[in-house]
Amino acid sequence: MMKKKQIMAMLLSMCMAVPAIAGIPAVSAGAAEEAAAPKYIFLFIGDGMSFPQIQTTADYLGTTASDGGIETTALSFMNFPVVGTAQTFDSTSFAPDSASTATSIATGNKTYSGTINMDTTMTIPFETIAEKLKAQKDYKIGIVTSVNLNHATPAAFYAHQASRNSYYDISMELVESGFDYFAGGALLDPTGKEDDPKDDAYQVAESAGYKVIKTQAEAEALTAEDGKAIVVAETLADSDAMSYDLDAAEGEWQLKDYVDKGIEVLDNENGFFMMVEGGKIDWACHANDAGSTINDTYALSEAVASAVEFYNEHPEETLILVTGDHETGGLTIGFAGTDYDTYLTNLTNQKISYAKFDSDYVAGYKENQTPFEEVLKDIKENFGLMTADDPDATEDSKLVLTEYEYGKLEDAYNRTLESGKGKKDEMTQEEYLLYGTYEPLSVTITHILNNKSGISFSSYAHTGLPVPVFALGAGQDLFEGYYDNTDIYNNMAALTGVE
């Protein structure tokens, strides 16, 4: 057995022989010169999306298409010719937040979790790739997201704040950016905090020359001739974000539609940069809702497909990147209760997201103290789970509640009626592990359905998994390998020649 000193000496020599990944230049001068400079850049960020979210979605699509067979269906970006892997740690943690990781992607700099484009002293702002392309190359810039337009990830491409929660200040920076196209959920705190009211951010934007659009009909009619635009989804869901793809009504615009419109209004001779965030992948994973995670990951894939269509018309001038900022939830394919088996077709029984179940059902249960027997009918209707004495229950059904699961569900419902969701510091350790900060009934339903499907989560927060980087188009080869997330920025900057 080797002694401790021998082991330490060996590790030290290895570290000296191989440079740290973060210290390896992402692009050599020769490689940057040889690569074609992209005129059109699409950067897709699946918030909370890493390998597990992508593979689970592909497996679900293949399984449902083959009626339960072991098949997988590639998402629109899974067959891109180049795939790299990026580390996501920030100055705070190996399980970082969206503000800091998006800062790394947008500027090539590390910072603290919760901070947007400022150094760790909170005194030096970082200029983003989008700002540089606008100022130095006269590119048109688009920012699209399924969550709020002043949420952390979109804000990281135009704002500079010590706290990601400074929503009003971020909205003012949105207006000041002069970017050409914003689309997604509504602004948070558009008139400031209640105790410190401010001028309405939408009116400030209109005074600055933006066309503010809040209906789908107006969005459909938008053209490049209308100039700068802020498009807010007509239908807003939880926290004034866009609907989960699973909840969207027939004909309701989703991420792909806003990307299509973005291409239409941004396309010009100088070029454009469009950042597109699938933000509710993260929200679904925080809530351990596998069904909503899968549907919103697929929605991002559909949005990428629109960019691929554009690429096919401009293959020598377009670069498409698809990545995540971090992984959320510790999602994995496999569960102790199903051993080596998975039953992904069970998830077809989920009809709505946890958030819509909260608003459309749980709120009424609390108000009316609805009997648990009646609640079970709604659970069956929306998630497929049923009791053993249900007329539709069969011996081989994978959706029949066991006695243990029934007890967990009933306990969760009682907890929902008694106190509902709460803050972590107000719970026992057991309560937090069971429910997180979500409605006990809703999160218990999704946990049971996930587990019966062979899917599990380990966290209500972020994890330290690396994220994939898929690349297609001009300069794609620069994104091969295993590197730091700051090198995503470094590569884009080298390709475009911004300083």
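Residues numbered from 1 in each chain as written. Predicted model: local features only at pLDDT ≥ 70, side-chain atom pairs only at ≥ 80, totals over all residues. Heavy atoms only, no water.

### Looking at the environment of Gly184
Okay, so step 1: Within the secondary structure layout, Gly184 lies in strand β4 (residues 181-185).
Okay, so step 2: Spatially, the C-alpha atom of Gly184 lies 16 Å from that of Asp247, the residues being 63 residues apart in sequence.
Okay, so step 3: Apart from residues lying up to four places away in sequence, Gly184 is in contact with Thr145, Val147, Leu149, Val231, Val232, Ala233 and Met242. (Helix = DSSP H or I, 4+ residues; strand = E, 2+ residues; numbered from the N terminus. Contact = heavy atoms within 4.5 Å.)

### A word on the packing of helix α13 (residues 354-368) against helix α15 (residues 403-418)
Okay, so step 1: One way to put it is that α13 packs onto α15 with a least axis distance of 9 Å and a crossing angle of 70°. Compared by their axis directions, α13 and α15 come out roughly perpendicular. Where α13 crosses over α15, the two elements pack in a sense that is right-handed. Between α13, through Val362, Tyr365 and Lys366, and α15, the contact on the second element is made entirely by Tyr413, Thr416 and Leu417.
Okay, so step 2: The residue makeup of the contact of α13 with α15, split by class, is four nonpolar, one polar and one charged. (Axes fitted to C-alpha atoms, helices over the stretch in contact; angles between N-to-C directions. Parallel < 35°, antiparallel > 145°, perpendicular 65-115°, else oblique. Left-handed = near helix turned anticlockwise from the far one by under 90°. Nonpolar A, V, L, I, M, F, W, Y, C, P; charged D, E, K, R; others polar.)

### Thoughts on the sheet that holds strand β8 (residues 229-232)
Okay, so step 1: One open sheet holds the ten strands; their spatial order is β7-β8-β4-β3-β9-β1-β10-β15-β2-β16, and the pairing between them is mixed. Every interior strand has two partners, whereas the edge strands, β7 (211-213) and β16 (481-484), have only one. Recorded for the sheet is a direction-independent mean angle of 15° between the axes of neighbouring strands.
Okay, so step 2: As paired strands, β4 and β8 are joined by four bridges and run parallel to one another. For Phe182, the partnering residue across the bridge sits in β8 and is Ile230.
Okay, so step 3: Contacting β1 (40-46), β3 (140-148) and β9 (272-278), helix α5 (residues 129-137) runs over the sheet at an angle of about 155° to β3. (Pairing = 2+ DSSP bridges.)

### So, empty space enclosed by the protein
Unoccupied space between atoms shows up once a probe the size of one water molecule is rolled over them.
Okay, so step 1: Overall, the coordinates contain two cavities of 30 Å³ or more when judged by the stated rule.
Okay, so step 2: Taken as a whole, the largest cavity holds about 50 Å³ of empty space.
Okay, so step 3: Taken together, Ser146, Ser243, Gln254, Leu255, Gly278, Ile281, Asp296, Ala299 and Leu300 make up the lining of the largest cavity.
Okay, so step 4: Looking at which element gives the most residues to the lining of the largest cavity, the answer is helix α12 (residues 290-313), with three residues.
Okay, so step 5: Broken down by class, the residue content of the lining of the largest cavity amounts to four nonpolar, four polar and one charged.
Okay, so step 6: Of the volumes computed, that of the second largest cavity is approximately 40 Å³.
Okay, so step 7: In terms of lining, the second largest cavity is formed by Gln216, Ala233, Glu234, Thr235, Glu252, Trp253 and Tyr258. (1 Å grid on protein atoms, 1.4 Å probe; cavity = no way out; pocket = protein on both sides within 12 Å on 5 of 7 lines; lining within 4 Å. Points joined across faces, edges and corners; volume = space filled by probe spheres on them.)

### Some points on the pattern of salt bridges
Okay, so step 1: Evaluation of the coordinates by the stated rule reveals 17 salt bridges.
Okay, so step 2: Linking Lys356 and Asp360 is a salt bridge whose minimum nitrogen-to-oxygen distance equals 2.9 Å. Of this pair, Lys356 and Asp360 both sit in helix α13, four residues apart, roughly one helical turn.
Okay, so step 3: With relative accessibility at 30%, the residue Lys356 sits in the partly exposed group.
Okay, so step 4: Given the relative accessible area of 42%, Asp360 is considered partly exposed.
Okay, so step 5: The partner of Glu374 in a salt bridge is Lys377, with the nearest N and O atoms 3.3 Å apart. Here Glu374 pairs with Lys377, and both are found in helix α14 (residues 372-383), just three residues apart, close to one helical turn.
Okay, so step 6: A relative accessible area of 54% means that Lys377 is categorised as exposed.
Okay, so step 7: The network of salt bridges with common partners includes Lys39, Glu269 and Glu317. (Salt bridge = Lys/Arg side-chain N within 4 Å of Asp/Glu carboxyl O. Buried < 20%, exposed > 50% of the residue type's maximum accessible area, 1.4 Å probe, protein only.)

### Brief notes about the packing of aromatic side chains
Okay, so step 1: Tallied over the entire structure, the rule returns 23 aromatic pairs.
Okay, so step 2: When the centroid spacing of 5.6 Å and the interplanar angle of 90° are considered together, the rings of Tyr158 and Phe182 count as edge-to-face. Remark: Phe182 occurs in strand β4 and Tyr158 occurs in the loop between α6 (152-155) and α7 (167-177); sequence separation between them is 24 residues. You'll find Tyr158 and Phe182 in the same group, each marked buried.
Okay, so step 3: Aromatic rings pair up to connect Phe357, Tyr361, Tyr365, Phe372, Phe383, Tyr406 and Tyr413 into one cluster.
Okay, so step 4: Between Lys110 and the ring centre of Phe89, over which it is positioned, the NZ or CZ distance is 4.0 Å.
Okay, so step 5: The cationic tip of Lys228 hangs over the ring face of Tyr210; the distance from NZ or CZ to the ring centre is 4.5 Å. (Phe/Tyr/Trp six-rings, centres within 6.5 Å; stacked < 30°, edge-to-face > 60°. Lys NZ or Arg CZ within 6 Å of the ring centre and 35° of its normal.)

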